[in-house]
Amino acid sequence: MCGRFALTDTPDAVKSLLAVTDFEPFPPRYNIAPTQPVLMALAGQPRAAGSNLPSRQSVLVRWGLIPSWTKNPDDFSLLFNARSETAAEKASFRTAMRHRRTLVPANGFYEWRRVGSKRGEPYWIRPRDGGLIAFAGLMESWSDPGGTEIDTGAILTTEANEDLRGIHHRMPVVIRPEDFDRWLDCLNQEPRHVADLLTPAEPGFFEAVPVSDRVNKVANAGPDLQERVERHEEKVSGAKAVKDSDQLDLF
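To start, this report covers the structure provided alongside it. Note that residues are indexed from 1 along each chain, following the sequence as it is written. With pLDDT at 70 or above as the cut-off, local features in this predicted model cover only qualifying residues; side-chain atom pairs require 80 or more to be listed or tallied, and sums for whole chains, interfaces and linings still use all residues. To get the side-chain values, take all heavy atoms of the structure and skip hydrogens and water.

## Brief notes about the overall build of the chain
When you go through the chain residue by residue, the secondary structure sums to 3 helices and 12 strands. The contacts of the chain with a sequence gap of at least 6 include a subset with a gap of at least 24, amounting to 70%. Surface accessibility of the chain: about 12,500 Å² in total, with carbon and sulfur atoms responsible for 49%. Helix numbering and strand numbering both begin at the N terminus, where a helix is a DSSP run of H or I of at least 4 residues and a strand a DSSP run of E of at least 2. Contacts: residue pairs with any heavy atoms within 4.5 Å of one another. Computed with a 1.4 Å probe, the accessible areas rest on the Shrake-Rupley method; for each residue, only the protein chains presented here act as cover.

Below, the structure written as structure tokens:
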């Protein structure tokens, strides 16, 4: 599951990673939550030979995908994550997987470890070497009866790797820069052609930092959320992290 993440690098760093230039400067965001605006990059319009126009474009979407066929989003579950193993077949994500695959820039994400009935303990999960990464995302546009169009999106998840499995059984899919073009190329690459990219990050890629439960509240949004806290780490022998749905819990 990925129910909170952060984008704290500079706009210039995001432009450099994603090769997009068409977005306004933004402040560091330390606690991005579902229903909030999320920056995504997707393939741009086909370019004429010799054109110097960017091959990708950025878009701000509401984090929480609404399928285009939904009549009333208030009656629909908040789809901020999509299981990568089944997204190509699920009615809610099938069209986006075929036509609107995206990249979601991030510096890391938060996850909660639950053991038994204990309250979840939060972790800030970041690349061990620091810097920006890009999650695999999906975008869908939804129009209300009055014709107002809303761009919405979700982050694709996969099974957690061995480093993070003790915290949660799911993790967001990370797309490597060398695979950006193939992932975004919805004209030539069908979902089956990019299925090999929907795998867990290799062991050692992420590190998990125990942090304060202040991150539980969306209103808390400062850099202190990512500071390491001292916490007794209960060893779980042979136990698995408690599984939940791919939707956000009320912490």
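## Considering the environment of Arg-119
Residue position: Arg-119 is located in the loop between strand 7 (108–113) and strand 8 (121–127). It is 10.0 Å that separates the C-alpha atoms of Arg-119 and Asp-213, two residues lying 94 residues apart in sequence.

## Digging into the packing of aromatic side chains
Only centres within 6.5 Å qualify two rings of Phe, Tyr or Trp (six-membered ring in Trp) as a pair; their planes then separate them into stacked at under 30 degrees, edge-to-face at over 60, and tilted for everything else. A full pass over the atoms with the stated rule returns 9 aromatic pairs. Centroid distance Phe-5 to Phe-135: 6.0 Å. Interplanar angle 75 degrees. Geometry classified as edge-to-face. On the criterion of sequence distance, the pair formed by Phe-5 in strand 1 (residues 4–7) and Phe-135 in strand 9 (residues 133–143) is long-range, its members being 130 residues apart. Residues Phe-5 and Phe-135 agree in their burial class; the two are buried. Ring geometry for Tyr-110 versus Trp-124: centroids 5.0 Å apart, planes at 40 degrees, classification tilted. Of this pair, Tyr-110 sits in strand 7 while Trp-124 sits in strand 8, placing them 14 residues apart in sequence. As far as burial versus exposure is concerned, Tyr-110 and Trp-124 are alike and both buried. Members of the aromatic cluster, connected to one another through ring pairs, are Phe-5, Trp-63, Phe-80, Phe-109, Phe-135, Phe-205 and Phe-206. Each residue is placed in one exposure class: buried if its accessible area under a 1.4 Å probe, protein chains only, is under 20% of its type's maximum, exposed if it is over 50%, and partly exposed if it falls in between.

## Comments concerning the pattern of salt bridges
Salt bridge, as applied in this entry: a Lys or Arg side-chain nitrogen positioned within 4 Å of an Asp or Glu carboxyl oxygen. For the coordinates displayed, the defined rule picks out 11 salt bridges. Residues Asp-181 and Arg-56 are paired through a salt bridge, measuring 2.6 Å at the closest nitrogen-oxygen approach. Note that Asp-181 is positioned in helix 3 (residues 180–184) and Arg-56 in strand 4 (residues 56–63), a separation of 125 residues in sequence. Looking at Arg-56, the relative accessible area reads 10%, which means it is buried. Arg-182 serves as the salt-bridge partner of Asp-196, at 2.8 Å between the closest nitrogen and oxygen. Taken together, the residues Asp-196 in the loop between helix 3 and strand 12 (206–210) and Arg-182 in helix 3 connect sequence positions 14 residues apart. On the accessibility criterion, Asp-196 (45% relative accessible area) is partly exposed. Here the residues in one salt-bridge network are Arg-113, Glu-121 and Arg-231, joined through shared partners.

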